[in-house]
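# Coordinate inspection notes
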Amino acid sequence: MPKPFEKPIYVTRPFLPPLAEFAAGLEEIWANAWLTNNGPVIKRYQKELCDYFGTENLCLFNNGTLALQIALQGLQLSGEVITTPFTFVATTHALYWNKIRPVFVDIEPEHYTLDPAKVEAAITPWTTAILAVHVYGYPCCLPALAGIARRHKLLLLYDAAHAFGVRVDGRSIGGFGDLSMFSFHATKLYHSIEGGMLMFSNPNLKKLFDYLKNFGFENELEVVMAGTNAKMNEFQALMGLQVLGHLEGIIGRRAKIGAIYRSRLKTVPGIQIPSLPTGNVHYNHAYFPVEIDDQAFGLNRDALQAALQKYNVFARRYFYPLISDFACYRSLSTNDPLSTAKRVAERILTLPIYDSLALEDVERICNIIESLAVTHSPQSFKGRKDNGVSAVTAV
Ligand code: T4K
């Protein structure tokens, strides 16, 4: 049998720039004695992001959740917004905090994003927008959603929390729709410790979002609107700046990890791996989700997660339970049975993926999963000869 890891292997670990590099940046912050409120580091960071994305239409925040809340507030959305139940709960909370009714619509089975084929049936006279999620960094069905939004005169917003670095047809994923929110949380492949960003098509929104994140201050004597405090500080900006320089290396490393999982797990009975996005997509390998078919694998998703923990491997059930099953949202009625989302939420498991995960350790994780399949799967499966598993066919 494979041996357990000596140290825990988490679903993710943050990329950390070389300490000396960060320390040099800290010396600058010390010299400035300017820690927050639009200091020199965040100004530089904002400029670098504008260059990276090729647009001035972006705004930084202290986290992605507040960025999204402020976006909805600034756009003065109300009524109903069509969204996915298969996401992190912050997507829905941002609607709720703006007194908007979330209307859950099912996901498509290939990449788990909002299913355009089911969106139109959920549109009512109160619908004001669609809020779709590029879950795991997989691009939503962009042309189909854009068509629906245009036909019904709805705003099209994207929660792109997982999608930093994703490009479609050479354009950043943030350039699609009316507005996108990115999360720069430490658990993301690109991060600023905590942080968030809005990217939008209407240039007039920049000033509005700048007011809203800074108490509505025009100057010392004038407050022009009821804003809040959602500013990013200098330390976050420093981290964001430095991690940006390493982004493509981080994505490249994750691609290698994804390739190992793909080639090793594709033959394991009961493990279904979503296909990589097709077309001209530069994917960021933000997560590595797999679906577990309990009949074929011989263990259900929860049992596999628990078995992996015995080997010190902490895979996560992103995203289970479905948002529509949480106590605070259960009473929301929806005409959509959410059948794909329910099935996927029961079966999904996200495996460890991060740039500092050794490739040998990815192989070891695959060995463990294979050995569990050899032991439990009712299907004929021998695993690999070199995985420490006795090559006995399970029948
Ligand atoms: N929309 C979507 C679709 C999102 O996924 C998120 C956030 C948001 C909106 C909101 O954006 P933010 O307001 O967060 O910017 C994590 C993150 O806290 C959350 O940001 C993220 N999505 C969500 C998917 O995952 P948890 O509760 O699973 O994180 P936690 O603390 O269990 O961390 C996971 C693993 O990461 C740990 O087991 C170990 C490792 N880790 C974590 C941290 C924080 C580290 O190694 N070092 C660290 O510093 O929510």
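Since the structure is predicted, the reported quantities are computational estimates derived from the model, not experimental observations. (Residues numbered from 1 in each chain as written. Predicted model: local features only at pLDDT ≥ 70, side-chain atom pairs only at ≥ 80, totals over all residues. Heavy atoms only, no water.)

## A short note on unusual backbone geometry
The omega torsion across Tyr318 and Phe319 is 10 degrees, close enough to zero to call that bond cis. One can find Phe319 in the loop between strand S14 (313–314) and helix H12 (339–347). Residues Tyr320 and Pro321 are joined by a peptide bond in cis, for which omega reads -5 degrees. Here Pro321 shows up in the loop between S14 and H12. Positive phi, close to 55 degrees, is recorded for His285, a residue that is not glycine. Tracing the sequence through the fold places His285 in the loop between strand S12 (281–282) and strand S13 (288–292). (Helix = DSSP H or I, 4+ residues; strand = E, 2+ residues; numbered from the N terminus.)

## A short note on the nonpolar core
One finds Leu49, Phe86, Tyr136, Phe184 and Tyr190 to be the most contacted residues of the largest nonpolar core, which totals 72 residues. Once residues within four sequence positions are removed from consideration, Leu49 is found in contact with Leu58, Leu60, Phe164, Phe184, Tyr190, Met197 and Leu244. One finds Phe288, Leu308, Tyr311 and Ala373 within the second-largest nonpolar core, a separate group that totals 33 residues. (Core = buried A, V, L, I, M, F, W, Y, C linked by side-chain atoms within 4.5 Å. Buried < 20%, exposed > 50% of the residue type's maximum accessible area, 1.4 Å probe, protein only. Contact = heavy atoms within 4.5 Å.)

## Points about the packing of helix H1 (residues 19–32) against helix H8 (residues 234–244)
For the pair H1 and H8, interaxial distance at closest approach is 10 Å and the crossing angle is 145 degrees. Handedness of the H1/H8 crossing: right-handed. Between H1, through Glu21, Phe22, Gly25, Leu26, Ile29 and Trp30, and H8, the contact on the second element is made entirely by Glu234, Phe235, Leu238, Met239 and Gln242. In terms of residue class, the contact of H1 with H8 is built from seven nonpolar, two polar and two charged. (Axes fitted to C-alpha atoms, helices over the stretch in contact; angles between N-to-C directions. Left-handed = near helix turned anticlockwise from the far one by under 90°. Nonpolar A, V, L, I, M, F, W, Y, C, P; charged D, E, K, R; others polar.)

## As for empty space enclosed by the protein
The final tally for this structure, using the stated rule, is two cavities of 30 Å³ or more. The wall of the largest cavity is formed by Ala161, His162, Phe164, Ser183, Thr187, Lys188, Leu189, Tyr190, Ala286 and Tyr287. Within the lining of the largest cavity, the residues separate by chemical class into six nonpolar, three polar and one charged. Each pocket or cavity is described by its volume, and for the second largest cavity that value is around 40 Å³. For the second largest cavity, the full set of lining residues is Tyr138, Gly258, Arg262, Tyr283, His285, Tyr287, Phe288, Pro289 and Ile353. Among the secondary structure elements, those contributing two or more residues to the lining of the second largest cavity are helix H9 (247–265) and S13. (1 Å grid on protein atoms, 1.4 Å probe; cavity = no way out; pocket = protein on both sides within 12 Å on 5 of 7 lines; lining within 4 Å. Points joined across faces, edges and corners; volume = space filled by probe spheres on them.)

## So, the site of the ligand
Taken together, the neighbourhood of the ligand is formed by 25 residues, with Thr65, Asp159, His162, Ser183 and Tyr318 sitting nearest. The separation between an oxygen atom of the ligand and a polar side-chain atom of Ser183 is 2.7 Å. Here an oxygen atom of the ligand sits 2.8 Å away from a polar atom, N or O, in the side chain of Arg316. In the complex, 76% of the free accessible area of the ligand, which totals 930 Å², lies under the protein chains. For the shell around the ligand, the secondary-structure elements that each account for two or more residues are helix H3 (64–74), helix H4 (89–97) and strand S9 (179–183). (Near = heavy atom within 4 Å. Polar contact = N/O pair within 3.5 Å; in protein donor to acceptor, adjacent residues only side chain to side chain. Areas by Shrake-Rupley, 256 points an atom, 1.4 Å probe, with all protein chains shown as cover.)

## Here's the deal with helix H11 (residues 301–310)
Among the residues of H11, Arg301, Leu304, Gln305, Ala307 and Leu308 are the ones counted as buried. Take H11 and look down its axis: the buried residues cluster within an arc of 165 degrees, on one side only. Elements in contact with the buried residues of H11: S13, helix H10 (294–297), S14, H12, strand S15 (348–351) and helix H13 (359–376). Backbone nitrogen of Asp302 and a side-chain oxygen of the N-cap are separated by 3.2 Å at the start of H11; the cap is Asn300. Taken from the residues just after H11, Asn312 is the one with a positive phi, measuring 70 degrees. (Arc of directions from axis to C-beta.)

## Focus on the side chain of Gln69
Tracing the backbone shows Gln69 in helix H3. Given the relative accessible area of 14%, Gln69 is considered buried. Residues in contact with Gln69, not counting those within four places in the same chain, are Ala94, Trp97 and Asn98.

## Quick notes on the packing of aromatic side chains
This model, assessed by the stated rule, comprises 24 aromatic pairs. On the numbers, 4.8 Å between centres and 85 degrees between planes, the contact of Tyr52 with Phe53 is edge-to-face. Relative accessible area serves as the criterion here: at 12%, Phe53 is assigned to the buried category. Where Phe86 meets Phe319, the ring centres are 6.0 Å apart and the plane angle is 90 degrees; that geometry is what we call edge-to-face. Here Phe86 is found in the loop between strand S3 (80–83) and H4, whereas its partner Phe319 is found in the loop between S14 and H12, with 233 residues between them in sequence. For the pair formed by Phe86 and Phe319, the shared burial category is buried. Each residue in the set Phe86, Tyr112, Tyr136, Tyr138, Tyr283, Tyr287, Tyr318 and Phe319 is aromatic and connected to the rest through ring pairs, giving one cluster. When the ring centre of Tyr320 is taken as origin, the NZ or CZ atom of Arg301, which lies over that ring, is 4.6 Å away. (Phe/Tyr/Trp six-rings, centres within 6.5 Å; stacked < 30°, edge-to-face > 60°. Lys NZ or Arg CZ within 6 Å of the ring centre and 35° of its normal.)

## Re a nonpolar patch on the surface
Taken together, the side chains of Phe215, Phe217 and Val223 make up a nonpolar region of the molecular surface, amounting to roughly 280 Å² of accessible area. Mapped onto the secondary structure, Val223 falls in the loop between helix H7 (205–212) and H8. Note on Val223: relative accessible area 53%, which makes it exposed. (Patch = residues over 30% accessible without salt bridge, like charges linked within 9 Å, V, L, I, M, F, W, Y side chains within 5 Å. Salt bridge = Lys/Arg side-chain N within 4 Å of Asp/Glu carboxyl O.)

## Here's the deal with the confidence of the model for the protein
Mean pLDDT over the protein: 95, with 97% of residues reaching 70 or higher. In this model, residues 390–395 is a region of pLDDT below 50 whose contacts with residues beyond four sequence positions or in other chains number 14 contacts. (pLDDT = per-residue confidence, 0-100.)

## A look at the sheet that holds strand S7 (residues 167–168)
Strand order in the open sheet made by the three strands is S8-S7-S12, with antiparallel pairing throughout. The open sheet terminates on both sides in strands that have one partner only, identified here as strand S8 (171–172) and S12. (Pairing = 2+ DSSP bridges.)

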